[in-house]
Amino acid sequence: MLSRLGALLQEAVGAREPSIDLLEAFVEHWKGITHYYIESTDENTPAKRTDIPWRLKQMLDILVYEEKQQGAAGEAGPCLEYLLQHKILETLCTLGKAEYPPGMRQQVFQFFSKVLAQVQHPLLHYLNVHRPVQKLLRLGGTVPGSLTEKEEVQFTTVLCSKIQQDPALLTYILEGKKIIGKKTTSRESITLPKEAPSHKEAPDRESRLDGEPGAAQASNAQQPAETENPDGGIGESNLITSLIGLCKSKKSRVALKAQENLLLLVSVASQAAATYLVQSSPCCLAITEHLCQLYQSMPAFLDPADIAALEGISWRLPSAPSDEASFPGKEALAAFLGWFDYCDHLIMEAHTVVADALAKAVAEKLFVETLQPQLLHVCEQSILTSTALLTAMLRQLRSPILLREAVTFLLGTERQPEAPEDSPRTLCAHLIGHCDHLSDEISIVSLRLFEELLQKPHEWVIYSLILRNLEGRLYVARGSPEPENYEDTLDLEEDPYFTDGFLDSGFQPSSKPPPVPATNSDGKTAVTEIVNSFLCLVPEEAKTSAFLEETGYDTYVHDAYGLPYSLNLQVTSVLSRLALFPHPHIHEYLLDPYINLAPGCRSLFSVLVRVIGDLMQRIQRVPQFPGKLLLVRKQLMGQVPGEQLDHQTLLQGVVVLEEFCKELAAIAFVKFPPHGPHLNLSPPP
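Residues numbered from 1 in each chain as written. Predicted model: local features only at pLDDT ≥ 70, side-chain atom pairs only at ≥ 80, totals over all residues. Heavy atoms only, no water.

Trainee: Any details on the packing of aromatic side chains? Residues and values, ideally.
Mentor: Tallying each qualifying case throughout the model produces 13 aromatic pairs. With a centroid separation of 5.1 Å and an interplanar angle of 50°, the aromatic rings of Trp 315 and Tyr 342 are classed as tilted. Here the residue Trp 315 occupies a position in the loop between helix H13 (304-309) and helix H14 (330-349), and Tyr 342 occupies one in helix H14, the gap between them amounting to 27 residues. Pair check on accessibility: Trp 315 and Tyr 342 agree, each one buried. Plain terms: the ring middles of Phe 534 and Phe 605 are 5.4 Å apart, the flat faces sit at 85° to each other, and that makes the pair edge-to-face. You can see Phe 534 sitting in helix H21 (residues 525-535) and its partner Phe 605 sitting in helix H25 (residues 604-618), a full 71 residues away along the chain. Like Phe 534, the residue Phe 605 is buried in the burial classification. Three or more aromatic residues link up through ring pairs in this structure, and these residues are Tyr 36, Tyr 37 and Tyr 100. (Phe/Tyr/Trp six-rings, centres within 6.5 Å; stacked < 30°, edge-to-face > 60°. Helix = DSSP H or I, 4+ residues; strand = E, 2+ residues; numbered from the N terminus. Buried < 20%, exposed > 50% of the residue type's maximum accessible area, 1.4 Å probe, protein only.)

Trainee: Tell me about unusual backbone geometry, and name the residues and values.
Mentor: With an omega of -5°, the peptide bond running from Tyr 100 to Pro 101 counts as cis. Its location among the elements puts Pro 101 in the loop between helix H4 (88-98) and helix H5 (104-118). Positive phi is not limited to glycine here, since Glu 99 has a value of about 55°. Within the secondary structure, Glu 99 is located in the loop between H4 and H5. Phi angles above zero are rare outside glycine, and His 647 is one such case at about 60°.

Trainee: Can you tell me about the confidence of the model for the chain, naming the residues and giving the values?
Mentor: Mean pLDDT over the chain: 79, with 74% of residues reaching 70 or higher. Ignoring residues within four places in sequence, the model shows residues 177-235, a span with pLDDT below 50, making 113 contacts including any to other chains. Segment residues 675-685: pLDDT under 50, and 17 contacts once partners within four positions in sequence are set aside and those in other chains are kept. (pLDDT = per-residue confidence, 0-100. Contact = heavy atoms within 4.5 Å.)

Trainee: Explain the environment of Val 640 to me, using residue names and the numbers behind them.
Mentor: Topologically, Val 640 is positioned in the loop between helix H26 (625-636) and helix H27 (648-671). Every residue in contact with Val 640, bar those within four places of it in the chain, is listed here: Leu 631, Lys 634 and Gln 635.

Trainee: Can you lay out the packing of helix H9 (residues 239-247) against helix H10 (residues 252-268) for me, pointing to particular residues and giving the numbers?
Mentor: Between H9 and H10, the least distance of the axes is 7 Å, while the angle of their chain directions is 145°. Where H9 crosses over H10, the two elements pack in a sense that is left-handed. In this structure, H9 uses Leu 239, Ile 240, Leu 243, Ile 244, Leu 246 and Cys 247 to contact H10, whose residues at the interface are Val 254, Ala 255, Ala 258, Gln 259, Asn 261, Leu 262 and Leu 265. When grouped by side-chain class, the residues that make up the contact of H9 with H10 number 11 nonpolar, 2 polar and no charged. (Axes fitted to C-alpha atoms, helices over the stretch in contact; angles between N-to-C directions. Left-handed = near helix turned anticlockwise from the far one by under 90°. Nonpolar A, V, L, I, M, F, W, Y, C, P; charged D, E, K, R; others polar.)

Trainee: Could you give an account of helix H11 (residues 271-279), naming the residues involved and the relevant values?
Mentor: Every α-helical turn comprises 3.6 residues, leaving residues that sit three or four positions apart pointing alike. Those residues of H11 that fall on the buried side of the exposure criterion are Ala 273, Ala 274, Tyr 276 and Leu 277. Seen from one end, H11 has its buried residues packed into an arc of 160°, which puts them on one side. The outward face of H11, more than 90 degrees from its buried face, is lined by the exposed residues Ala 272 and Gln 279. Tucked into the core, H11 has its buried residues touching helix H8 (169-175), H9, H10, helix H12 (283-296) and helix H15 (352-375). (Arc of directions from axis to C-beta.)

Trainee: Give me the side chain of Gln 635: which residues, what numbers.
Mentor: Note that Gln 635 resides in helix H26. Residue classification places Gln 635 among the buried residues on the basis of a relative accessible area of 13%. Of note is the side chain of Gln 635, whose polar atom sits 3.5 Å from the backbone oxygen of Pro 641. (Polar contact = N/O pair within 3.5 Å; in protein donor to acceptor, adjacent residues only side chain to side chain.)

Trainee: Just give me the short version of the environment of Gln 396, but keep the residues and values in it.
Mentor: Structurally, Gln 396 is set in helix H16 (residues 380-396). Between the C-alpha atoms of Gln 396 and Ile 313, which are 83 residues apart in sequence, the distance is 8.4 Å. Ignoring any residue separated from it by four or fewer positions in sequence, one finds Gln 396 in contact with Ile 313, Leu 337, Phe 340, Asp 341 and Asp 344.

Trainee: Describe the nonpolar core, naming the residues involved and giving the relevant values.
Mentor: The biggest cluster of nonpolar side chains holds 188 residues, and the ones touching the most others in it are Leu 92, Leu 366 and Phe 367. Leaving out residues up to four positions away in the same chain, Leu 366 has contacts with Leu 291, Cys 292, Tyr 295, Phe 336, Phe 340, Ala 361, Leu 371 and Met 393. (Core = buried A, V, L, I, M, F, W, Y, C linked by side-chain atoms within 4.5 Å.)

As structure tokens, this is what we get:
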């Protein structure tokens, strides 16, 4: 029994010895670092050529090994206690700020990152860790191009990882306050005497930061700081501003990692943290200001064709796909569209509170304060560039919340029908006016903007632009009898198609439902009549589709995006998109040739009749019209080079109009019930 007892005592002594040796070694390495500053006289020797990096590595290894030896106890070991109680991290932060020896800041960032990442004990809850972390954040992320950007982004990545594991830490780190633990009147942790305990003496339990009763001497180090961080207020640099600063780095990997970290923070934020981010941090404002700065850094005038061609810009890959079609300002444009895409992605992933605030900030700072004055400017170049940029933003916009703000900015919130005498004119009215501008270029970019807007999944778009003006069916003649058959209205010498000269005529909404198309026994007569009405609008002598392999109207629309293309093609593209919307008033107004129009009203069919009549008069003066028309059709299809011909615009208009009428016939066949099989839209014999 005595022999067994002796063996157990010896084993206990052997198990205790390593922890004492670890503490002694840890203290010796720290003293070695401090002695360097006392003994060294060379201020130019880089830190990496001293023994400081090695000693910091040894201190880190000791902390990790000690924690493994502690097992599942969860208590801070003697070395960690010494690190906390002697404010080693604060001292290191001061040395890093002084950047002495040169490169010391880099070493400090690396040490902080590795300690926080590899030591599993919850360090950020200690004041003597939290405070130097805040100080170190203020050292980085403020100057783009810093030599320590790589180390800074690694440091913020570790912090964000800790926050992901415990989202409650976000508010704590942002505020500079403790949000957990018991209250105390002390604001600082209590440090032990400068002399370290002998390796033969076990550290007294009261010196540990375990928070248990009896740890009177050091318990304050684990208690919350109830006041603002004495080293800086809320408005100074913190984790958010550091990340945003790193997002501006010229090093793509650094910028991407910082953006991912910022995205992580806003997505894991709790209600309290999200509210703090919006109300008490520069998060939304800083993100939006950078967006506006990137907008202002672009050239004042960019070619709309260049803007339209620059597609596929993502925040994960903001640079242009290739330099084959480089143009002045391409890099700045790609940077702006990349950050706009990032803002859109942030809004999609963020907590609702943050998403709403950020979307409103983008709308106010970018849309209203920056873009709107350019959209309303009298300078044509300003209108062209700003409209094309807005179209590009709409094209890549995915967030429903930001889309809501963009739609409100462009279209307003008015629900009443538009009136010509509305004053002052809204932004939407100005943009619609630009669609019929003296400059064809402005008309084209404006129509393209509305075409992009019509593709967005927001019900207010089609309601504001179209439906609120069609709700009362004011375009239908009041009190006019409904025809028994469509054949009764085919005489074009009599209205309804030419009543738009009576612009001052008053009319009231009709209380009758939309007219029901007449049908025969198989239920398809009305549809056939409507389809044939559109197919027969263009006379046979002006049709060329039968001479070439049919490619469809979409071919022209697609190819047009790569050219400074014809205005009439963009007009028909927008009208086709409108006609596709599933609403009976839109179908009636755009696709029914036989509605009885009220005085002063025009329908799409009535306008087409007039346009075709005008075209047929003008083509009489074009020599060799059939051959030139066929050549222009081949040019539009990309089958022959785009040689400039006499009457080029007129000839293009005839070709596009033929395809547009076929497109409307196809849409009408699908939209008007009853639905039948796909109709062959070849010209009738």
